[in-house]
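Structural overview for review
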Amino acid sequence: MYQEVEAAANAKGMKLAPGQGNDPDTLGKKLVYVMDSNVFPFYQAEVYHQYHNDFQSAPYGREYNGLADVAFDAGRMKSTGCPDRI
């Protein structure tokens, strides 16, 4: 899968780099840090925080926001015990 992601990034003039954790911001640098999930395992945040709007830009729209419900209902996200849906 990495090769496909790398090809897509390269096609847009972006570079992938290994993430180390606590990496600096890449805004405006066309750089994406890729985290090795064997070294940095995934820890799910509250469902509410998945697929919500970036509050510093225009709203992403209902279709995007609804992806959290789709993932939750399909079992790809689990309840964390915090408020899941607001």
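A few points on the structure. (Residues numbered from 1 in each chain as written. Predicted model: local features only at pLDDT ≥ 70, side-chain atom pairs only at ≥ 80, totals over all residues. Heavy atoms only, no water.)

**Points about the overall build of the protein chain**
Within the protein chain one finds three helices and two strands. Of the regular secondary structure in the protein chain, the N- to C-terminal order runs α-β-β-α-α. At 16 Å, the protein chain has a C-alpha radius of gyration far larger than the 12 Å of a compact globule built from 86 residues. Residues classed as buried in the protein chain amount to 14% of the 86 residues present. If you take every contact in the protein chain between residues at least 6 apart in sequence, the share linking residues at least 24 apart comes to 24%. A total accessible area of about 7,100 Å² is found for the protein chain, and carbon and sulfur atoms account for 56% of it. When the 8 positive and 11 negative side-chain charges of the protein chain are each reduced to one mean point, those points stand 5 Å apart. (Helix = DSSP H or I, 4+ residues; strand = E, 2+ residues; numbered from the N terminus. Rg over C-alpha atoms; globule rule 2.2 N^0.38 Å. Buried < 20%, exposed > 50% of the residue type's maximum accessible area, 1.4 Å probe, protein only. Contact = heavy atoms within 4.5 Å. Areas by Shrake-Rupley, 256 points an atom, 1.4 Å probe, with all protein chains shown as cover. Lys, Arg positive; Asp, Glu negative; His and termini not counted. Charge placed at Lys NZ, Arg CZ, Asp CG, Glu CD.)

**As for the packing of aromatic side chains**
Within the structure shown, the criterion is met by one aromatic pair. Ring centres of tyrosine 60 and tyrosine 64 lie 5.0 Å apart, and the angle between their planes is 90°; this geometry places the pair in the edge-to-face category. Residue class for tyrosine 60 comes out partly exposed when judged on its relative accessible area of 39%. (Phe/Tyr/Trp six-rings, centres within 6.5 Å; stacked < 30°, edge-to-face > 60°.)

**Quick look at the environment of arginine 76**
Mapped onto the secondary structure, arginine 76 falls in the segment after α3 (67-73). Each C-alpha atom of the pair arginine 76 and tyrosine 33 lies 23 Å from the other, and the pair is 43 residues apart in sequence. Discounting residues that sit within four places of it in the chain, arginine 76 has contacts with Gln44, Val70 and Ala71.

**Let's talk about unusual backbone geometry**
The residue asparagine 22 is not glycine, and still its phi comes out positive at about 60°. With respect to the element layout, asparagine 22 can be found in the loop between β1 (15-18) and β2 (31-34). For asparagine 22, a relative accessible area of 83% corresponds to the exposed category.

Take it as geometry only, folks, not as evidence of what the structure does.
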